[in-house]
Amino acid sequence: MAWADKQLNLTKGVTDISQEVYGLHMFALYICTAIGVVVFGAMFWSIMFHRKSKGVKPATFHESTKVEILWTVIPIVILIGMAIPATKTLVSMENNDNSDITIQITGSQWKWHYKYFDQDIEFYSVLSTPRGQYENQNGVGEAKGENYLLEVDKHLVIPVNKKIRFLITSDDVIHSWWVPDFAVKQDANPGFINEAWAIVPEPGIYRGQCAELCGKDHGFMPIVVEVKSEEDYARWIDEQNELIASAAAAEAASLNASLSKEELMQLGETTYTAYCAACHQPSGLGLPPAFPALKGSAVATTGSVANHIDIVFNGKAGTGMQGYGKQLSMKEIAAVVTYERNAWGNDTGDTVQAADVKSATSGSSSASAATAVEKVVDEVAKAVTAAPAEDLSKVYSLEELMTKGEKVYNTACVACHQATGAGLPPAFPSLIGSPITTGDVNAHIDMVVNGSKKNPSMAAFGAQLSKTDIAAVITFERNAWGNNTGDVVQPADIAASAK
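Residues numbered from 1 in each chain as written. Predicted model: local features only at pLDDT ≥ 70, side-chain atom pairs only at ≥ 80, totals over all residues. Heavy atoms only, no water.

What follows deals with the nonpolar core. One finds I103, F166, W177 and F182 to be the most contacted residues of the largest nonpolar core, which totals 37 residues. Look past the residues within four positions of F182 in its chain and what remains in contact with it is V14, T15, S18, A198, V200, Y206, V225 and V227. (Core = buried A, V, L, I, M, F, W, Y, C linked by side-chain atoms within 4.5 Å. Buried < 20%, exposed > 50% of the residue type's maximum accessible area, 1.4 Å probe, protein only. Contact = heavy atoms within 4.5 Å.)

Put into structure tokens, the structure is as follows:
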């Protein structure tokens, strides 16, 4: 029975690309099998019928030009025959053009963070298999449930028959987002963004795992993608928006609530078990030195409550302690801090409320990248609002535009395309010698003003920057980093493009 359930071949998958990959695999397998049959057949036939015991004498020739040519040309032809379809498939796998939905996937020890670019929806997806099912080293534990170690608390939901673009990165170590049914396996590297895509023709639930050895709980960060019909997906979007609104209301209400110590300890234990026990252990003894003990620790006993909250909310740089400010509500953070300060004999007697978390984390310096971007956008918008009316008829020199353009670029563009213009490919392409910055000026203006329909990462700046700013930054991009097109774009050109 075990042998009957064992899969020896690759997964066929459900997407067209996965079918192509499977077809390539079988094509290569058939060629290798044929080569093996011919080579080993000739070898065994020669051994059998040209052996010494039959009186056969070995040939005396040393080399043959014809044979040399044949065993060079034939493998080349075979390799070219295999490379042509493989190259076509690889090119298709890298083509993210005309995607309908873009989702950012961030690997984190040991969970996945999903963010929908076209919706104000983001969440963490965490293993939901109970600890009792896999902490049974002594043979004593709960029976393994269905989808053991392959189920999560929140599924990644996408619609059927839509091109979904995945931007994959990490906020700590190298992970790998792998869903065999989609033929998608892409590394999540900190500081880099890799891309993948899928069009799934059939609704259903598809499972995967992190395919990179990312730490002690590497096997505990599965991937579950739920593909819904367009109608069900639209309903799911509405449900998520309602949940977000409800969570915001509950968060606001919790700031005025005061829970008893017993209520905080109960919620804190549940939260600790779900989010903290993997590293710090249910006993609070941790796994030193990487994951220090909380039992009797200075942080959880003699240290200030505010410092304890700050570590849980923002994490601790240079360690495996990540911030939970975006994963847990203030009520949950208050409860888990209360639990850690009173469990395992710590017994500080401290009780922390959601309002204490709000007070301790207001003005926190560890703002997310999204918050930082929003701040820049707000600052630019305020500057535009406060600026006097533009003189669109004014003509600037190349030097004036380059000076102003560099300032605008360093304010609005440098975060994605880098100070060197080299970008962070493939999500944020290089501007050095690119078709946009060296090609048609009107296409460049349209890209900056209206953004990119093919690449949602490229936002529209028409409402954020003045026409003079846009003219300056385009002039700068077309002449910086060795582009040297000599093009000079004036505010009037930007105004004309909008007509």
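Next up on the list: the state of the cysteines. By the definition in use, this model includes zero disulfides. Cysteine C279 shares no disulfide, and the gap to the nearest cysteine sulfur, in C276, comes to 8.5 Å. (Disulfide = S-S within 2.5 Å.)

Let us now look at the sheet that holds strand 1 (residues 101–108). Taking strand neighbours across the sheet as the criterion, the five strands line up as 3-2-1-5-8 in an open arrangement whose pairing is mixed. Looking at strand neighbours, the two that pair on one side only are strand 3 (121–125) and strand 8 (194–199), the edges of this open sheet. Each strand axis lies, on average, 20 degrees off the axis of its neighbour in the sheet, ignoring direction. Direction of pairing for strand 2 (residues 111–116) relative to strand 3: antiparallel, over a ladder of five bridges. Bridging across to strand 3, Y116 finds its partner in I121. (Pairing = 2+ DSSP bridges. Helix = DSSP H or I, 4+ residues; strand = E, 2+ residues; numbered from the N terminus. Axes fitted to C-alpha atoms, helices over the stretch in contact; angles between N-to-C directions.)

A word on the sheet that holds strand 4 (residues 156–159). Taken in spatial order, the five strands make up an open sheet running 4-10-9-6-7, and their pairing is mixed. Edge positions in the sheet fall to strand 4 and strand 7 (184–188), since each of these pairs with one other strand and no more. Averaged over all neighbouring strand pairs, the angle between strand axes comes to 25 degrees, with direction disregarded. Sheet topology places strand 4 next to strand 10 (residues 222–228); four bridges connect them, and they run parallel. Paired with I158 across the two strands is V227, which belongs to strand 10.

The next subject is the environment of S99. As for its position among the elements, S99 is in the loop between helix 3 (65–93) and strand 1. According to the relative accessible area criterion, S99 is buried, its value standing at 12%. Separated by 98 residues in sequence, S99 and W197 have C-alpha atoms that sit 8.2 Å apart. Non-local contacts of S99, meaning those with residues more than four positions away in its chain, are made with K163, R165 and K454.

Before going further, it helps to examine the packing of aromatic side chains. Counting across every chain of the model gives 18 aromatic pairs. A centroid spacing of 6.4 Å and a plane angle of 75 degrees characterise the contact between F123 and W236, whose relative ring orientation is edge-to-face. Note that F123 is positioned in strand 3 and W236 in helix 5 (residues 230–254), a separation of 113 residues in sequence. Among the residues examined, W236 registers a relative accessible area of 9% and is labelled buried. On the numbers, 5.6 Å between centres and 50 degrees between planes, the contact of Y272 with Y339 is tilted. Pair noted here: Y272 is in helix 6 (residues 261–275) and Y339 is in helix 9 (residues 330–340), with a separation of 67 residues, a long-range link. A single burial state applies to Y272 and to Y339, both of which are buried. (Phe/Tyr/Trp six-rings, centres within 6.5 Å; stacked < 30°, edge-to-face > 60°.)

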